[in-house]
Protein chains: 2
Amino acid sequence: MEAHLFDRAIALAPQGPGRWLGRTDPAYANMVGPYGGITAATALHAVWQHPERLGEPVSLTVNYCAALADGGFELQARPVRTNRSTQHWLIEITQGGETVLTATALTAVRRETWGSQDEPAPRVLSPNAIGRPNMAGLVEWVRRYDIRIVEGAIPRVWDGSGEHSRSTLWVRDEPPRALDFMSLAALCDVFFPRVWLRRATRVPAGTVSMTVYFHVGQAELAAVGDGWLLGQAQASVMRNGYFDQRGQLWSQAGALLATTHQVVYYKE
Amino acid sequence: MEAHLFDRAIALAPQGPGRWLGRTDPAYANMVGPYGGITAATALHAVWQHPERLGEPVSLTVNYCAALADGGFELQARPVRTNRSTQHWLIEITQGGETVLTATALTAVRRETWGSQDEPAPRVLSPNAIGRPNMAGLVEWVRRYDIRIVEGAIPRVWDGSGEHSRSTLWVRDEPPRALDFMSLAALCDVFFPRVWLRRATRVPAGTVSMTVYFHVGQAELAAVGDGWLLGQAQASVMRNGYFDQRGQLWSQAGALLATTHQVVYYKE
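Because the structure is predicted, anything quoted here is derived from the model rather than measured.

Some thoughts on the side chain of Gln-87 of chain A
Residues and elements named next belong to chain A. You can see Gln-87 is positioned in strand 5 (residues 86-95). There is a polar contact of 3.0 Å between the side chain of Gln-87 and the backbone oxygen of Glu-52. Engagement of the side chain of Gln-87 in a polar contact is seen with the backbone nitrogen of Leu-54, the distance being 2.6 Å.

Quick word on the UniProt feature "domain: Acyl-CoA thioesterase-like N-terminal HotDog" (unreviewed entry) in chain A
Those places that UniProt annotates as "domain: Acyl-CoA thioesterase-like N-terminal HotDog" (unreviewed entry) correspond, in this numbering, to residues 28-107 of chain A. Taken end to end, residues 28-107 of chain A has its terminal C-alpha atoms 26 Å apart, with 18% of it in helix and 50% in strand.

Thoughts on the relation of the copies chain B and chain A
Take chain B, turn it by 180°, move it 0.0 Å along the axis, and it overlays chain A with an RMSD of 0.0 Å. Expressed as a symmetry operation, the mapping of one chain copy onto the other fits a two-fold axis. The overlap is high: 100% of the interface residues of chain B also sit at the interface in chain A, so the same surface is used on both sides.

Thoughts on the side chain of Ser-236 of chain A
Following the sequence through the fold, Ser-236 of chain A ends up in the loop between strand 11 (229-234) and strand 12 (237-239). Residue classification places Ser-236 of chain A among the buried residues on the basis of a relative accessible area of 2%. Ignoring anything within four residues of it in the chain, the contact list for Ser-236 of chain A reads Asp-244 of chain A together with Ser-116, Gln-117, Asp-118, Glu-119, Leu-256 and Thr-259 of chain B.

Observations regarding helix 2 (residues 36-49) of chain A
End to end, helix 2 of chain A covers 20 Å across 14 residues, agreeing with the expected 20 Å (1.5 Å per residue, within 8%). Along helix 2 of chain A, 13 of the 14 residues are buried, which leaves the element largely enclosed by surrounding structure.

Comments concerning the interface of chain B and chain A
The interface is formed by 57 residues belonging to chain B together with 57 residues belonging to chain A. Of the roughly 5,300 Å² buried between chain B and chain A on both sides combined, carbon and sulfur atoms contribute 53%. Residues Asp-118 of chain B and Arg-198 of chain A are paired through a salt bridge, measuring 2.7 Å at the closest nitrogen-oxygen approach. Linking chain B with chain A are 40 residue pairs in polar contact (both at pLDDT 80 or more), by the criterion used here. When residues of the side of chain B that touches chain A are assigned to their parent elements, the largest contribution, 7 residues, is made by strand 6 (residues 98-108) of chain B. A class-by-class count of the residues in the side of chain B that touches chain A yields 21 nonpolar, 22 polar and 14 charged. One ladder, built from 2 bridges, connects strand 12 of chain A with strand 7 (residues 116-117) of chain B; its direction is antiparallel. By the bridge assignment for strand 7 of chain B, Met-238 of chain A is matched with Ser-116 of chain B.

Overview of the environment of Thr-94 of chain B
Residue and element names in this part refer to chain B. Here Thr-94 is to be found in strand 5 (residues 86-95). Residues Thr-94 and Glu-174, spaced 80 residues apart in sequence, show a C-alpha to C-alpha distance of 29 Å. Residues within four places of Thr-94 in sequence aside, it is in contact with Phe-73, Glu-74, Thr-99 and Val-100.

What counts and what doesn't
- Residues numbered from 1 in each chain as written.
- Chains lettered and ligands numbered in written order.
- Predicted model: local features only at pLDDT ≥ 70, side-chain atom pairs only at ≥ 80, totals over all residues.
- Heavy atoms only, no water.
- Helix = DSSP H or I, 4+ residues; strand = E, 2+ residues; numbered from the N terminus.
- Polar contact = N/O pair within 3.5 Å; in protein donor to acceptor, adjacent residues only side chain to side chain.
- UniProt positions renumbered as here; feature names shortened; annotations may be inferred.
- Least-squares fit on C-alpha atoms with pLDDT ≥ 70 in both.
- Contact = heavy atoms within 4.5 Å.
- Buried < 20%, exposed > 50% of the residue type's maximum accessible area, 1.4 Å probe, protein only.
- Expected span 1.5 Å × (residues − 1).
- Buried area = accessible area lost by both parts, 1.4 Å probe.
- Salt bridge = Lys/Arg side-chain N within 4 Å of Asp/Glu carboxyl O.
- Nonpolar A, V, L, I, M, F, W, Y, C, P; charged D, E, K, R; others polar.
- Pairing = 2+ DSSP bridges.

Given below as structure tokens:
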């Protein structure tokens, strides 16, 4: 069986303790360099396969310092602090000796506790009722997902008429692939720039920092399998070249799997 | 004139390029170690005074790897990537050679662009109408702020009766101090653990990672001066030992100054 393109894209070749070589994959190409979500997933992948890893991901912050050039890159991941049930990570991707990405992560052994989910999934039409994928494939990585936008699609006409920045959409890997922490991290970046929607104006925009909080463990991810996720994202404020985005990803059964935030550069 | 306690607490003694010595300040003591907000502010303070800094803070993520022991600590901050108008930072605090905090930050030269604030400040009673500070000073750092909770106070009775996790409050330094990036970062951590409110149960809880997005520049902060900020915070989900918190801080005039997120450990 051939590997899923996602697995090919996040693959890392070990180079010694905490060091790997990776390679950008044309299947996940963005306008310039690779899709930010696949780079985030690759950074987390190093932590995931590190022999000293304790527990499962709880948080991940990736900082996109510069666009990755197409081709090879070096990745380093190291546990900077290991406690009884938590572990803090520092990750760096370099190309030609220059830093192109920094990341920090927390992994932890989670225990059963009291719990409550207070952010229910919005009630929307099912993916089948939406019908076919409806996010235009302007760039290659979009073809790696089946995205069915319920609300807040990419404007068809760039006439400056936007009124809000909220999108709600169904999404899964295309072809389907069983969900794991890496693909969940990648999916957190699946929303197109909020400024396009808010302004109905297509300006250059790019994520500069993204944070993901994982709210479930491997068992719950396994239960989702290759099913649909429901995502929602919106901005609070756009000002002097930067806007924020907060997002949520639920399973089709309504479990909040991840919350995510990013700050995005935009021009003009 | 005596320095404000906040300035004393975030003071750093230069030790060479990108290296400083700091000291925990009893004025900002928390249950164990210092208030997380003051440590975040101290990390940002190193970036702020670094001679190579480009622009002003846009984002800051701090990871609390371990409780700081009372006393001295070493801080390193270095620009890992400097672009034309953006700069990425890596910050680390150590004690006795062990990592106790990691942080990343983005500073940038911001330009005037189109903008829109879509998250208005909630309409609430004024700080004077609320009257006196009403957040109980269980720990020393709380006395460094004037906090007037409008909604979602710390439960008076721990009877497990909680229904939501949202607090809305007025806050400013006590005594008043002109707002800057460091004090704004510190204020992002001012909300008591959401799990206390949601459960009306007092369980051990501590922030493990916090992110702050700054939406204004120094001129807008200067315009706020030592005025009141309105803050709101709530959780989405609490599960197996961790919950998220998202928060906003507005000026009294209604400008969204910062959005912030954290993931918090809780017991039981």
